[in-house]
Amino acid sequence: MKKLTYTLFVAFWASVGTIAALHAMDSKDKPAQEVDELPAYAWEEIAEHDSLDSCWKVIEGKVYDFTDYIPDHPTPPSVMERWCGKESTEAMRTKGYGRDHSPAAWSMIDDYLVGRVAED
């Protein structure tokens, strides 16, 4: 019984360590791009990307193209589609029912960053 307990203990902490190491490596892979260096898009242009075939969203002033991510999102595509071409910070912060997306989701969106909202 002691061997089994010890083995499970070691396996658990080895798994935790591996996950932590992978997370640390993943978050350091790409340098953060300065917002001012990003291309600027007018709201009119962003609004044109309002479908599952071309889904841009604005989150905290940055423009993201989530078109390729939609099939991988854990909810039905219709959940994401209603936010395409729109300001979507609320969707990220509340998931529509008051619960923020995970830190992993927040770090993942950088992969889809295409620009920033142009100043009026």
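Before going into details, it helps to say that this report is about the structure given with it. (Residues numbered from 1 in each chain as written. Predicted model: local features only at pLDDT ≥ 70, side-chain atom pairs only at ≥ 80, totals over all residues. Heavy atoms only, no water.)

### Focus on unusual backbone geometry
Moving on, step 1. Backbone geometry at Glu 60 places phi at a positive 50°, although glycine is not the residue there.
Moving on, step 2. As for its placement among the helices and strands, Glu 60 is situated in the loop between β3 (54–59) and β4 (62–65).
Moving on, step 3. What makes Glu 60 partly exposed here is its relative accessible area of 46%. (Helix = DSSP H or I, 4+ residues; strand = E, 2+ residues; numbered from the N terminus. Buried < 20%, exposed > 50% of the residue type's maximum accessible area, 1.4 Å probe, protein only.)

### Some words on the state of the cysteines
Moving on, step 1. By the definition in use, this model includes 1 disulfide.
Moving on, step 2. Through a disulfide, Cys 55 is tied to Cys 84; the S-S separation comes to 2.1 Å. Measuring the twist about the S-S bond at about -90°, one finds the Cys 55-Cys 84 disulfide to be left-handed. Taken as a pair, Cys 55 in strand β3 and Cys 84 in the loop between α3 (77–81) and β5 (86–87) lie far apart in primary sequence, 29 residues in all.
Moving on, step 3. We classify Cys 55 as buried; its relative accessible area is 0%. (Disulfide = S-S within 2.5 Å.)

### Some remarks on the pattern of salt bridges
Moving on, step 1. By the definition in use, this model includes 2 salt bridges.
Moving on, step 2. In this structure, Glu 60 and Arg 93 form a salt bridge, with 2.5 Å as the shortest nitrogen-oxygen distance. One end of the pair, Glu 60, is in the loop between β3 and β4; the other, Arg 93, is in helix α4 (residues 89–94), with 33 residues separating them in the sequence.
Moving on, step 3. Its relative accessible area of 37% is what places Arg 93 among the partly exposed residues.
Moving on, step 4. The closest approach of N and O atoms between Arg 93 and Asp 100, which form a salt bridge, is 3.2 Å.
Moving on, step 5. The network of salt bridges with common partners includes Glu 60, Arg 93 and Asp 100. (Salt bridge = Lys/Arg side-chain N within 4 Å of Asp/Glu carboxyl O.)

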